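Each chain, written out:
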Amino acid sequence: MKSKTITKKIISGKFKNKTLKLPSKTTTRSSKAIVLESFFNTLQFEIIDSTFVELFSGSGSIGLEALSRGAKKVIFMEQDREALKILKENIAQTDPLACEVYSGDTFSNIAAVVKSLQKKNEEAYFYIDPPFSIREGMEDIYDKTISLIASLPRECVKLIIIEHMSTLEIPQNIGAYTIKKSKKFGNTSLTYLHDE
């Protein structure tokens, strides 16, 4: 029996109500609607005409929501093959010309993304939603993520947002960045960092 495709809709903006497919729960997990809504309520006007980078993109629902709400460009980063296929199908429903996809390991590809931003003299919002560390083979994912954040050059960063397990303590300072605020939604939290 073929498993039913799980979907979610874009909440707001020019692609409102477009249906996005979601990859199977075994490889990725979708950000909760309440987390998504809180995030976009916080940044709704700031992301207009901005560049948005979604690391560990999965279905791309965060980046495509940002695009729908006025971001001029979205860069997606995803390694899982099934998720990549779905991500590309979802992008095709919106504005493929405004989207770039880096397939493969996010920790390896981040250097190329940063280089591209530096070349264009662009700042970006970095939305980082790594797989939870309780998954097999992912035990050191948060340590690697913290190192990745510390390595991001200030001139490329408008704001860093991490979606993480609420039980995880994010250091107050990571490289040049400091926690601006943190918001908890049950088992999931959003932490915002910037360099002031």
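So, here's what we can say about the structure. Bear in mind the structure is a predicted one, so any value in this text is a computation, not a measurement. (Residues numbered from 1 in each chain as written. Predicted model: local features only at pLDDT ≥ 70, side-chain atom pairs only at ≥ 80, totals over all residues. Heavy atoms only, no water.)

Broken down by element type, the protein chain carries five helices and ten strands. A globule of 196 residues ought to have a C-alpha radius of gyration of about 16 Å, and the protein chain, at 16 Å, matches this closely. Expressed as lengths along the three principal axes of its C-alpha atoms, the size of the protein chain is roughly 50 × 35 × 30 Å. Relative to all contacts within the protein chain whose residues are 6 or more apart in sequence, the contacts with residues 24 or more apart total 61%. When the accessible surface of the protein chain is summed, it comes to about 9800 Å², and 51% of that surface belongs to carbon and sulfur atoms. Charge separation in the protein chain, taken as the distance between the mean sites of 28 positive and 24 negative side-chain charges, equals 6 Å. (Helix = DSSP H or I, 4+ residues; strand = E, 2+ residues; numbered from the N terminus. Rg over C-alpha atoms; globule rule 2.2 N^0.38 Å. Contact = heavy atoms within 4.5 Å. Areas by Shrake-Rupley, 256 points an atom, 1.4 Å probe, with all protein chains shown as cover. Lys, Arg positive; Asp, Glu negative; His and termini not counted. Charge placed at Lys NZ, Arg CZ, Asp CG, Glu CD.)

With that settled, consider the packing of aromatic side chains. Tallying each qualifying case throughout the model produces six aromatic pairs. Relative to Tyr 127, the ring of Phe 39 lies with its centre 4.9 Å away and its plane at 70 degrees, an arrangement referred to as edge-to-face. Here Tyr 127 lies in strand E6 (residues 124-128) and Phe 39 lies in helix H1 (residues 33-43), a separation of 88 residues in the sequence. When its relative accessible area of 0% is taken as the criterion, Phe 39 is described as buried. By relative accessible area, which is 1% here, Tyr 127 ends up buried. A ring pair is formed by Phe 52 and Tyr 127, whose centres lie 6.4 Å apart and whose planes are at 25 degrees; its orientation type is stacked. Of this pair, Phe 52 sits in strand E3 (residues 51-55) while Tyr 127 is found in strand E6, placing the two residues 75 residues apart along the sequence. Residue class for Phe 52 comes out buried when judged on its relative accessible area of 0%. The ring of Tyr 192 is capped by Lys 181, whose NZ or CZ atom sits 5.0 Å from the centre of that ring. (Phe/Tyr/Trp six-rings, centres within 6.5 Å; stacked < 30°, edge-to-face > 60°. Buried < 20%, exposed > 50% of the residue type's maximum accessible area, 1.4 Å probe, protein only. Lys NZ or Arg CZ within 6 Å of the ring centre and 35° of its normal.)

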